[in-house]
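Chain by chain, the residues:
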Amino acid sequence: QVQLVESGGGLVQAGGSLRLSCAASARPYTMGWYRQAPGKQRELIANIIIGGITNYEDSVTGRFTISRDNAKNTVYLQMNSLKPEDTAAYYCKAKSAPWGVPPYDLWGQGTQVTVSS
C-alpha cells in the first residue's frame, strides 16, 4: 500500500512564503496539490507528471511552483506572495500510471495553511 506523508503547513502573514512537501513510498506517475477552504469544494491547484510537465490553477499561476524529486518520490509546492484567500487545508494526491499494477489514486492526510492579513 502506497503511503503519503505531508509536511510544511502553518501560519504566515500575507505576502509571505511557505513550502509544502509530500513524500510517497513509491514513485507516482502524477502528483498534485489540492486545497479545500471551509464551505468550499476541494480544488486542484497544481499537478506534475513524472516527466516534469506541470499544470496550475489560474489564481496561483506566477505565485506557486510545483516540483518533484523523483529520487525521493517527493513533490513540493513552493508558495510565494501568499494571500488570505489562500487559507485552506492543502492535500497531496498521488496517482499511478494507467498501466500501473496495482493502480492507486491516493490522498495525503492534509496540512493547514493559514494566511493572516
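Draft legend 1. Broad picture of the pairing of strand E7 (residues 64-69). Only one face of E7 is buried, namely the one carrying Phe64, Ile66 and Arg68, since none of Thr65, Ser67 and Asp69 on the opposite face is buried. Bridge count between E7 and strand E8 (residues 74-79): 6 bridges; the pairing is antiparallel. If you follow Phe64 over to E8, its bridge partner there is Met79. Taking the residues that link successive antiparallel strands as the turn, the E7-E8 hairpin has 4 residues, and the phi of Asn73 there is positive, at about 50°.

Draft legend 2. Looking closely at the side chain of Lys93. With respect to the secondary-structure elements, Lys93 resides in strand E9 (residues 88-95). The exposure class of Lys93 is buried, given its relative accessible area of 18%. A polar contact of 3.4 Å, which involves the side chain of Lys93, links it to the side chain of Asp105. Not counting the four nearest positions on each side in its chain, Lys93 is found in contact with Leu4, Thr30, Met31, Gly32, Tyr34, Asp105, Leu106 and Trp107.

Draft legend 3. Seen up close, the state of the cysteines. Overall, the coordinates contain 1 disulfide when judged by the stated rule. A disulfide bridge connects Cys22 with Cys92, and the sulfur atoms are separated by 2.1 Å. Measuring the twist about the S-S bond at about -80°, one finds the Cys22-Cys92 disulfide to be left-handed. Separated by 70 residues along the polypeptide, Cys22 in strand E3 (residues 18-24) and Cys92 in strand E9 bring together distant segments of the chain.

Draft legend 4. How the structure looks around the pattern of salt bridges. On inspection of all chains with the given rule, the structure shows 4 salt bridges. Between Arg35 and Asp86 there is a salt bridge whose closest N-O contact spans 2.9 Å. With Arg35 in strand E4 (residues 30-36) and Asp86 in the loop between E8 and E9, this residue pair connects regions lying 51 residues apart in the sequence. The burial state of Arg35 is the same as that of Asp86; both residues are buried. Here the salt bridges do not stand alone but share partners, grouping Arg35, Glu43, Arg63 and Asp86 into one network.

Draft legend 5. Quick look at the nonpolar core. Ranked by size, the top nonpolar core spans 28 residues in total, and within it Met31, Trp33, Phe64, Val75, Leu77, Met79 and Tyr90 carry the most contacts. Elements that contribute at least two residues to this core include exactly E3, E4, strand E5 (43-49), E7, E8, E9 and strand E11 (111-116). Those residues within four positions of Met31 in sequence are excluded, and the remaining contacts are Cys22, Ala24, Asn47, Ile48, Ile66, Arg68, Asn73, Thr74, Val75, Cys92, Lys93 and Ala94.

Cut-off values and rules
Residues numbered from 1 in each chain as written. Predicted model: local features only at pLDDT ≥ 70, side-chain atom pairs only at ≥ 80, totals over all residues. Heavy atoms only, no water. Buried < 20%, exposed > 50% of the residue type's maximum accessible area, 1.4 Å probe, protein only. Helix = DSSP H or I, 4+ residues; strand = E, 2+ residues; numbered from the N terminus. Pairing = 2+ DSSP bridges. Polar contact = N/O pair within 3.5 Å; in protein donor to acceptor, adjacent residues only side chain to side chain. Contact = heavy atoms within 4.5 Å. Disulfide = S-S within 2.5 Å. Salt bridge = Lys/Arg side-chain N within 4 Å of Asp/Glu carboxyl O. Core = buried A, V, L, I, M, F, W, Y, C linked by side-chain atoms within 4.5 Å.

Honestly, that's just the spatial picture; any functional story needs more than this.
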